[in-house]
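The primary structure of each chain is shown beneath.
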Amino acid sequence: METTYRSNIMICAGTGCVANGSLKVKNALATELIRRNLHKEVKLVLTGCNGFCAKGPVMVVYPEDVFYQLVKPEDVPFLVEEHFIKGRLVQKFLYTPPAEKNTIPVMNDIPFFKHQVLRALRNRSLIDAEKIEEYIARDGYLAAAKALTEMTPEQIVNEMKGSGLRGRGGAGFLTGLKWELCARVPGDIKYILCNGDEGDPGAFMDRSIMEADPHSVLEGMIIAAKAIDAHYGYIYVRAEYPLAVHRLQLAIDQAMDRGLLGKDILGSGFNLDIEIYQGAGAFVCGEETALMASIEGKRGMPRSKPPFPVVKGLWMRPSVLNNVETFANVPPIILNGAEWFSSLGTEKSKGTKVFALSGALNNIGLVEVPMGIPLKTVIFDIGGGIKNNRKFKAVQMGGPSGGCIPLSLIDTPVDYENINKTGAIMGSGGMVVMDETTCMPTMAKFFLEFTEDESCGKCVPCRIGNKTLLSILTRITNGEGREGDIELLLELSQQIKDTSLCGLGQTSPNPVLTTIKYFRDEYEAHIKERRCPARVCTPLVKFVVDQEKCKKCGLCFKACPAGAITWEKKQPAYIDPEKCTKCKSCIKACRFWAID
Amino acid sequence: MAKLTIADLKKIKEDFHQGIREGAFRVKVTVHMGTCGIAAGARSIMNTIMEELSTSNLKDVAITTSGCAGLCSKEPMATIETTGEPPVKYISLTEDKMRKIFAEHVAGGKAVPEYALVVGHETTY
């Protein structure tokens, strides 16, 4: 029997909040509660990522459902006295939406949380990720029990196919169909594999699930293992995710201890062992065949398909590889049925999708939204719009494999088909939002630097092609672009897409293609006018003050670290080219775009 | 550790069910803990409620605190709100009175008129 508490403080212990000092806040709270003799009635719980990472360290207090943000250890005595002794909300730590004055105390009234539908993240802020009992108390392992004792493999496959769940790693293949294909292949040894090799810049969906709710991944794997008759599984996680590895290992140990993994699970006679395999952080190892090669101890390189992994996968045995978020979606489908799952979403994209919001937004964090929600709602309502009153320019979806979506397409519904139409991809769920200070050729160059670096080098189009793309982009951003470079980029991109061996090369030109498609004028300005409209590419900026646009405010003068700017009240500023070091401090400081 | 069965899963779910994180309570008990309430002994009232709650094993009761209710001479006070019923304010509480209120009102659903000051909300503008 658990002790009864009148209040639970759920402190976020996801990587973001821990980096912001949430563990120090937790210790301060523990000390203060003991000092105030409240430790027997107020319980402290460390949870996984709450999602609102921008406001960390964050905590939710139940039963009031109050959301406190940006709490520092030195604030704790005041917080405890006010909230837990005097029963008053502490205004100072409540959330205030951008451009509003009044605070919002209740978590689910805050726009960031209000528009979300939590399925894969169903236990967010509700359980202690390190205690299996808390997971079980939220219907944990009941789906596995149902699958193991009441369902045949065919029934599981049919339920999954009926739900319409598609792979959340990005490609969007029907999960139930993948399981069916593998189940049909004869073989005494099969493998169930989980892909936690999340590597897109700006993506942290899978990490958050592994940290916040590791048992949901294990339970999904148990159900999948039963469907394909596998008795051994691996979770492939990059070693750069130490907290995820720690919590997953703890979860595996707890499940083993209680007979929820290992021999004769829940007395059903079904056996499954799961092991964590730590990857060294190569991006290409997120590709399925490269991931399997890596587990086999070989160099992480993809091979050509077919044979597909469902026929010949890990150690040439039939294998099913699903993404972390896909597995986290499985248990509620088995418990509540296919219809429940497919009741949300669009015709071909069912359920919800988790996104990691980052970039120029007010509300950076992790969100889960129903498929088909307009992109605008995600960016402006949940994301709270663009920081510093700047304008939205584009959102990069799908990381280096994806593309950018401009303002004109902001009403696009978020589902696999509609996002693909824009030239971007759903991807694993990274959304990097950019404002008008982002230079699009430079953005494409950034992602090409990434893919060029991460290309395994096995096939020529990817190894040499991406390098060439990068060198063309480099010369454009250096102000040395040539007539015909845009056409060259387009032609080469198409060839790389058509001829590369694996998904990395087949998608790496997408950032180039979409930036040209939607922001061709910026490329032309770089090449023909030797001008960078966003004033990012230093060689293309003249560092001259536009006398007409200058409002004579002197902000650039104050910002210049080189003493190169002369300015007096009511006089426009002047930049001395002799002294100017081209550091761009003045451009960042100027609010009127008066420096070219 | 012993291997779990499906019955064990349900037992654990029962034992560890964190009702207070799920919302939707049947009863909310508010102990008024302004300076006056604390001075008059609200702490021992709170302790009594917590003891009673532990032994009763009720999962649908929320316990919370709030400031001075404005009637400092009648402290310690507590307000009990049951879903669908107007709130009841109890005054001049002692541990014994609180136990009786807990058993009859919180657990049993019937208010204890002899300890109650008033039923209903104050008018707010």
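Visitor: What is the right way to read the sheet that holds strand E3 (residues 59–62) of chain A from this model?
Guide: Across a sheet, strands are paired by hydrogen bonds formed along the backbone, either parallel or antiparallel in direction. All names here are of chain A. Taken in spatial order, the four strands of this open sheet run E2-E1-E3-E4, and their pairing is mixed. The sheet terminates laterally at strand E2 (42–47) and strand E4 (66–68), the two strands that pair on one side only. Sheet twist, expressed as the mean angle between neighbouring strand axes with direction ignored, is 20°. Here E3 runs beside E4; their pairing, made up of three bridges, is antiparallel. When the sheet's bridge partners are listed, Val60 is paired in E4 with Phe67.

Visitor: Teacher, can you tell me more about the environment of A:Arg88 here?
Guide: Tracing the backbone shows A:Arg88 in the loop between helix H3 (76–85) and helix H4 (111–114). The class for A:Arg88 is partly exposed, based on 15 C-beta atoms found within 10 Å. Apart from residues lying up to four places away in sequence, A:Arg88 is in contact with A:Glu82, A:His83 and B:Gly67.

Visitor: Got a minute to help me understand the interface of chain B and chain A in this structure?
Guide: Chain B puts 27 residues into the contact, and the matching count from chain A is 31 residues. Elements represented by at least two residues in the side of chain B that touches chain A include exactly helix H1 (6–16), helix H2 (19–22), helix H4 (42–56) and strand E2 (61–66) of chain B. Per-element tally for the side of chain B that touches chain A: the top contributor is H1(B), with six residues. Partitioned by chemical class, the residues of the side of chain B that touches chain A number 13 nonpolar, 10 polar and four charged.

Visitor: How should I be thinking about H3(A) in this particular structure?
Guide: Quick reminder: α-helices carry 3.6 residues per turn. Residues three or four places apart thus point the same way. Those residues of H3(A) that sit buried are A:Val76, A:Leu79, A:Val80, A:His83 and A:Phe84. With its buried residues spanning 95° around the axis, H3(A) presents them on a single face. Packed against the buried residues of H3(A) are strand E1 (7–12), helix H2 (22–35), E2 and E3 of chain A together with E2 of chain B. With its phi angle positive at about 70°, A:Gly87 sits one or two positions after the end of H3(A).

Visitor: What's the story with the pairing of strand E13 (residues 430–435) of chain A in this structure? I'm lost.
Guide: Two faces make up the sheet, and in a regular strand the side chains alternate between them. All names here are of chain A. Among the six residues of E13, five are classified as buried, and the element is accordingly described as predominantly covered. One ladder, built from four bridges, connects strand E9 (residues 352–359) with E13; its direction is parallel. Of the residues in E13, the one forming a bridge with Ser358 is Val432. As paired strands, strand E11 (residues 392–397) and E13 are joined by five bridges and run antiparallel to one another. Bridge pairing in E13 links Ala394 to Met434.

Visitor: Would you mind showing me how to read the packing of H2(A) against H3(A) here?
Guide: Relative orientation and spacing of two packed helices are given, respectively, by the angle between their axes and the distance between those axes. Residues and elements named next belong to chain A. Axis separation between H2 and H3 bottoms out at 9 Å; the angle between their running directions is 50°. Judged by the inter-axis angle, H2 sits oblique to H3. Crossing hand, H2 versus H3: right-handed. For the pair H2 and H3, the contacting residues are Val25, Ala28, Leu29, Glu32 and Leu33 in the first and Val76, Pro77 and Val80 in the second.

Parameters and conventions
Positions within a chain are numbered from 1, following the residues in the order the chain's sequence is written. Labels are handed out in written order, letters beginning with A for the chains and numbers beginning with 1 for the ligands. Where local features are concerned, this predicted model is filtered to residues with pLDDT of at least 70; where side-chain atom pairs are given and counted, the filter is 80 or more; whole-chain, interface and lining totals use all residues. By the convention used here, strands pair only if DSSP detects at least 2 bridges between them. Each helix is a run of H or I in the DSSP string that is no shorter than four residues. Each strand is a run of E no shorter than two, and both are numbered from the N terminus. Angles here are taken between N-to-C directions and fall from 0 to 180 degrees, while the axes themselves are lines fitted to C-alpha atoms, restricted in helices to the stretch in contact. Whether a residue is buried, exposed or partly exposed follows from its count of other C-beta atoms within 10 Å of its own C-beta, namely 20 or more, 12 or fewer, or something in between, respectively; the C-beta atoms are built from the backbone. Here contacts are defined at the residue level, using C-beta atoms placed from the backbone and a cut-off of 7 Å between them. Ten residue types, Ala, Val, Leu, Ile, Met, Phe, Trp, Tyr, Cys and Pro, are classed as nonpolar, four, Asp, Glu, Lys and Arg, as charged, and the remainder, Gly among them, as polar. Arc definition: it is the arc formed by the directions from the helix axis to the C-beta atoms. By definition in this entry, angles of less than 35 degrees are roughly parallel, angles greater than 145 are roughly antiparallel, angles of 65 to 115 are roughly perpendicular, and the rest are oblique. Whether a crossing is left-handed or right-handed is set by the direction in which the near helix is turned from the far one by less than a right angle, anticlockwise for left-handed and clockwise for right-handed.

By themselves, these figures tell us nothing about what the structure is for.
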